Amino acid sequence: SFYISQNNYILKFLSLAGWKVYTVDGNSQRIIRVETFNKNSNTLIRREVYEYAHNNNGTWEPTTTVIFLPQEKTQVEISFSTVAFNLPLEGLTIAYPDDAERVTIQ
């Protein structure tokens, strides 16, 4: 569903496990909050973005975000000085145990 509240666009997506709600600032058109709820209407996780920086490629990137886990009574604030996406991972090697099983989710 979709509606407008306090100059914000609210998008709600339902699933069998619950739903996710995105709040988009009506002026800047940037996501300011994402909330995930279980089917009993309990908030599982809430992420709020307080600051964005204009990237040199013309996009806005979140620089400060707060993650709330209400059921665990936990809050974490993350601040980024530099945000970069899809950079090559040169020299990265990952060792897998011999008994590891590969699983593909479709």
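Residues numbered from 1 in each chain as written. Predicted model: local features only at pLDDT ≥ 70, side-chain atom pairs only at ≥ 80, totals over all residues. Heavy atoms only, no water.

1. Considering the packing of aromatic side chains
Inspection of the entire model under this criterion finds 3 aromatic pairs. With centroids separated by 5.8 Å and ring planes inclined at 85°, the aromatic side chains of F13 and Y22 adopt a geometry described as edge-to-face. According to the relative accessible area criterion, F13 is partly exposed, its value standing at 46%. Exposure remark for Y22: the relative accessible area of 25% places this residue in the partly exposed category. (Phe/Tyr/Trp six-rings, centres within 6.5 Å; stacked < 30°, edge-to-face > 60°. Buried < 20%, exposed > 50% of the residue type's maximum accessible area, 1.4 Å probe, protein only.)

2. Here we look at a nonpolar patch on the surface
A cluster of nonpolar side chains, L89, L92, I94 and Y96, forms an exposed patch at the surface whose accessible area comes to about 500 Å². Turning to its location among the elements, L89 is positioned in the segment after β7 (74–79). Overall, L89 belongs to the exposed group, its relative accessible area being 64%. (Patch = residues over 30% accessible without salt bridge, like charges linked within 9 Å, V, L, I, M, F, W, Y side chains within 5 Å. Areas by Shrake-Rupley, 256 points an atom, 1.4 Å probe, with all protein chains shown as cover. Salt bridge = Lys/Arg side-chain N within 4 Å of Asp/Glu carboxyl O. Helix = DSSP H or I, 4+ residues; strand = E, 2+ residues; numbered from the N terminus.)

3. Comments concerning the side chain of E48
Within the element layout of this structure, E48 appears in strand β5 (residues 43–54). Note on E48: relative accessible area 11%, which makes it buried. At 3.3 Å, the side chain of E48 forms a polar contact with the side chain of R33. Non-local contacts of E48, meaning those with residues more than four positions away in its chain, are made with I32, R33, T64, T65, V66 and F68. (Polar contact = N/O pair within 3.5 Å; in protein donor to acceptor, adjacent residues only side chain to side chain. Contact = heavy atoms within 4.5 Å.)

4. With respect to the pattern of salt bridges
One pass over the structure, following the stated rule, counts 2 salt bridges. E48 serves as the salt-bridge partner of R33, at 3.3 Å between the closest nitrogen and oxygen. With R33 in strand β4 (residues 31–38) and E48 in strand β5, this residue pair connects regions lying 15 residues apart in the sequence. Put simply, E48 and R46 hold a salt bridge, and the shortest N to O gap is 2.8 Å.

5. A word on the pairing of strand β3 (residues 18–25)
Side chains on a regular strand alternate between the two faces of the sheet. Relative to β3, strand β2 (residues 8–14) runs antiparallel, the two sharing 7 bridges. In the strand pairing of β3, K12 is matched with V21. Taking the residues between adjacent antiparallel strands as the criterion, β2 and β3 are bridged by 3 residues. Pairing of β3 with β4, which is carried by 7 bridges, proceeds in the antiparallel orientation. Within β4, the residue paired with T23 across the bridge is R33. (Pairing = 2+ DSSP bridges.)

6. Regarding the pairing of β2
By the bridge criterion, 4 bridges tie strand β1 (residues 2–5) to β2 in an arrangement that is antiparallel. If you follow S5 over to β2, its bridge partner there is N8. From the end of β1 to the start of β2, which pair antiparallel, there are 2 residues, and Q6 there has a positive phi angle of about 50°.

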